[in-house]
Amino acid sequence: MITPADIEYKEFTKVVRGYKEEEVDAFLDLIIVDMEKLMRENRKLKEDLEKARGQADKHISTETSVYETLEAAKSLMNDIAASAERRAEVLLKNAELEASLITREARESISRLNEEGNNLRIKVETLRSRYKRMLEDELERMNFGSGDILADFEKEFLPSFSDGDTIALKEEETKKQTGKVDLSKTLVNLK
């Protein structure tokens, strides 16, 4: 490639009928100036082209990176959605199992309480019938026993006393006989 220096230092041979040397030199000087300008412009354009290529490469890599990031985000969103659905299913199954367990425990508790209630009812009925039978037996014993229940009671439970004590006891017996009637009435009422 010809440089401006080549043009400037070029020496032509002189011939008899040739061009005017000053005109040729002036024209060559113009060519040199234009060529230097074109070369600077060419260099600048090459630099700009390299910058543009670098920016284009950068944009292409950025664009590729953006697409990759977008695809990764889509994939992540799908994974998150799937994970959330699985988690929701697990939570729902756990809640159903827990509800089932609570329901079963409540049914067992109700069954147990009903059974205990029935057992208590039976025990109360048994106790009531025993108590009633005991009262009836006592009433029957009072009615069919010896004529004097208190005398039987004294013989069985009280210690024997001397004659002076016996008179006092007889007075108390009379008082108790009036109480005997009241006791009988009470037993009949209970029946």
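Every value quoted in this text rests on a predicted model; they were computed, and no experiment measured them.

Quick notes on the rules
- Residues numbered from 1 in each chain as written.
- Predicted model: local features only at pLDDT ≥ 70, side-chain atom pairs only at ≥ 80, totals over all residues.
- Heavy atoms only, no water.
- Helix = DSSP H or I, 4+ residues; strand = E, 2+ residues; numbered from the N terminus.
- Buried < 20%, exposed > 50% of the residue type's maximum accessible area, 1.4 Å probe, protein only.
- Contact = heavy atoms within 4.5 Å.
- Areas by Shrake-Rupley, 256 points an atom, 1.4 Å probe, with all protein chains shown as cover.
- pLDDT = per-residue confidence, 0-100.
- Expected span 1.5 Å × (residues − 1).
- Salt bridge = Lys/Arg side-chain N within 4 Å of Asp/Glu carboxyl O.

Undergrad: Help me understand the overall build of the chain, please; the structure alone is not making it clear to me.
TA: Across its full length, the chain carries four helices and zero strands. Its helices and strands in sequence order give the chain the pattern α-α-α-α, from N to C terminus. Every one of the 191 residues in the chain was classed for burial, and the buried ones make up 7%. Counting only contacts in the chain whose residues sit at least 6 apart along the sequence, the fraction spanning at least 24 positions is 77%. Accessible area of the chain: about 17300 Å², with a carbon and sulfur share of 57%.

Undergrad: What am I meant to see in the confidence of the model for the chain here?
TA: Low pLDDT means the predicted coordinates in that region are not meant to be read closely. Overall, the predicted model of the chain reaches an average pLDDT of 81, with 75% of residues at or above 70. Counted against residues more than four places away or in other chains, residues 180–188, with its pLDDT under 50, gives nine contacts.

Undergrad: Is there a simple way to think about helix α2 (residues 21–144) in this case?
TA: Note on helix geometry: an α-helix contains 3.6 residues per turn, so any two residues three or four positions apart are oriented the same way. The terminal C-alpha atoms of α2 lie 178 Å apart, and with 124 residues this matches the ideal 184 Å at 1.5 Å per residue to within 8%. Looking at α2, one finds that the buried residues are Leu28, Ile32, Met35, Leu135, Leu139 and Met142.

Undergrad: What am I meant to see in the pattern of salt bridges here?
TA: Going through the model one piece at a time under the given rule, you end up with six salt bridges. Arg104 is the partner of Glu108 in a salt bridge, and the nearest nitrogen-oxygen pair spans 3.6 Å. You can see Glu108 and its partner Arg104 sitting in helix α2, four residues apart, about one turn around the helix. Take Glu108: its relative accessible area is 42%, and that puts it in the partly exposed class. The class for Arg104 is partly exposed, based on a relative accessible area of 46%.

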